[in-house]
Amino acid sequence: MNTLTAGMLAPTFTLLNQDDQPVSLTDFKGKKVLAYFYPKAMTPGCTVQACGLRDSKAELEAHNVVVLGISIDPVKRLPKFIERDNLNFTLLSDEDHAVADQFGVWGEKKFMGKIYDGLHRISFLIDEHGNIEHVFNKFKTKDHHQVVLDYLNQ
C-alpha cells in the first residue's frame, strides 16, 4: 500500500453518489474537500464517524470544506445510510476500489487473526487547487471530526 502524502496532487476521479449521479473531484474547484475513506456503510465505527462529520457540517463549511465519504459499498446501499442517520453530505461508491487504489488506501488488513485486502480508514484534506494538504490516518472514529477541525483551526 502506497498511501498518498501531503503535497502530492490528488488523483482526479468521478464516482457515483447515493443518487446514482456522477460526482467528480473537479466539481469542487475553489473549495477544500475532505475525502474520507470508510470500510462499510451502516457498521458501528463508520456510523459514529459519519455522524461526527454530519454534526460538524457548519464548522467544516466555515472553513470552505466539503465532505465526500468514499466506500466500496454499492450505490444502492448509500441512500439507506444517509436516510437512517440523516447524513448531510455526499457518499460515493468505489465498488471496484479503483479510486482507493489511486489514493493508496486499499491493501492488506488484519482482523481477528485473518489477513485480507480491504479499505483502510484514512482521510485526505484536498486544497482548493487539488493538492493534498493533509492526511488524517491516526484517529478514533468518534474523534475523526474533531481531529479534522483541530487541524483546520490551527
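Report follows, based on the coordinates. This is a predicted model, so every value here is computed, not measured.

## Some remarks on a nonpolar patch on the surface
Among the surface-exposed residues, F111, M112 and Y116 lie close enough to one another that they form a single nonpolar patch of about 380 Å² accessible area. Mapping M112 onto the fold places it in the loop between β6 (106-111) and β7 (114-119).

## Observations regarding helix α1 (residues 44-55)
Here α1 is twelve residues long and its end C-alpha atoms lie 17 Å apart, about the 16 Å a rise of 1.5 Å per residue gives. Along α1, the positions that sit buried rather than exposed are C46, T47, Q49, A50, C51, G52 and L53. Buried residues in α1 make contact with β3 (32-37), α2 (57-62), β4 (65-71), α3 (78-85), β8 (123-126) and α5 (144-153).

## With respect to the packing of α1 against α3
Describing two packed helices takes the angle between their axes plus the distance from one axis to the other. Direction vectors running N to C along α1 and α3 enclose 60°, while the axes themselves pass 11 Å from each other. Note that α1 runs across α3; the crossing there is right-handed. For the pair α1 and α3, the contacting residues are C46, T47, A50, C51 and R54 in the first and F81, R84 and D85 in the second. For the contact of α1 with α3, a count of residues per class yields four nonpolar, one polar and three charged.

## Concerning the packing of aromatic side chains
Under the defined criterion, the tally for this structure stands at eight aromatic pairs. Ring plane angle 55° and centroid distance 5.3 Å describe the contact between F37 and F103, whose orientation is recorded as tilted. Taken together, the positions of F37 in strand β3 and F103 in helix α4 (residues 98-103) put the pair 66 residues apart, joining distant regions of the chain. Between F136 and Y151, the ring centres sit 5.8 Å apart and the planes meet at 85°, which makes this aromatic pair edge-to-face. Of the two residues, F136 is situated in strand β9 (residues 132-136) and Y151 in helix α5; the sequence distance between them amounts to 15 residues. Note on accessibility: F136 and Y151 belong to one class, buried. Taken together, the aromatic side chains of F13, F37, F103 and F124 make up a single cluster linked through ring pairs.

Rules used throughout
Residues numbered from 1 in each chain as written. Predicted model: local features only at pLDDT ≥ 70, side-chain atom pairs only at ≥ 80, totals over all residues. Heavy atoms only, no water. Patch = residues over 30% accessible without salt bridge, like charges linked within 9 Å, V, L, I, M, F, W, Y side chains within 5 Å. Areas by Shrake-Rupley, 256 points an atom, 1.4 Å probe, with all protein chains shown as cover. Salt bridge = Lys/Arg side-chain N within 4 Å of Asp/Glu carboxyl O. Helix = DSSP H or I, 4+ residues; strand = E, 2+ residues; numbered from the N terminus. Expected span 1.5 Å × (residues − 1). Buried < 20%, exposed > 50% of the residue type's maximum accessible area, 1.4 Å probe, protein only. Contact = heavy atoms within 4.5 Å. Axes fitted to C-alpha atoms, helices over the stretch in contact; angles between N-to-C directions. Left-handed = near helix turned anticlockwise from the far one by under 90°. Nonpolar A, V, L, I, M, F, W, Y, C, P; charged D, E, K, R; others polar. Phe/Tyr/Trp six-rings, centres within 6.5 Å; stacked < 30°, edge-to-face > 60°.

Purely spatial values, then, with no claim about function.
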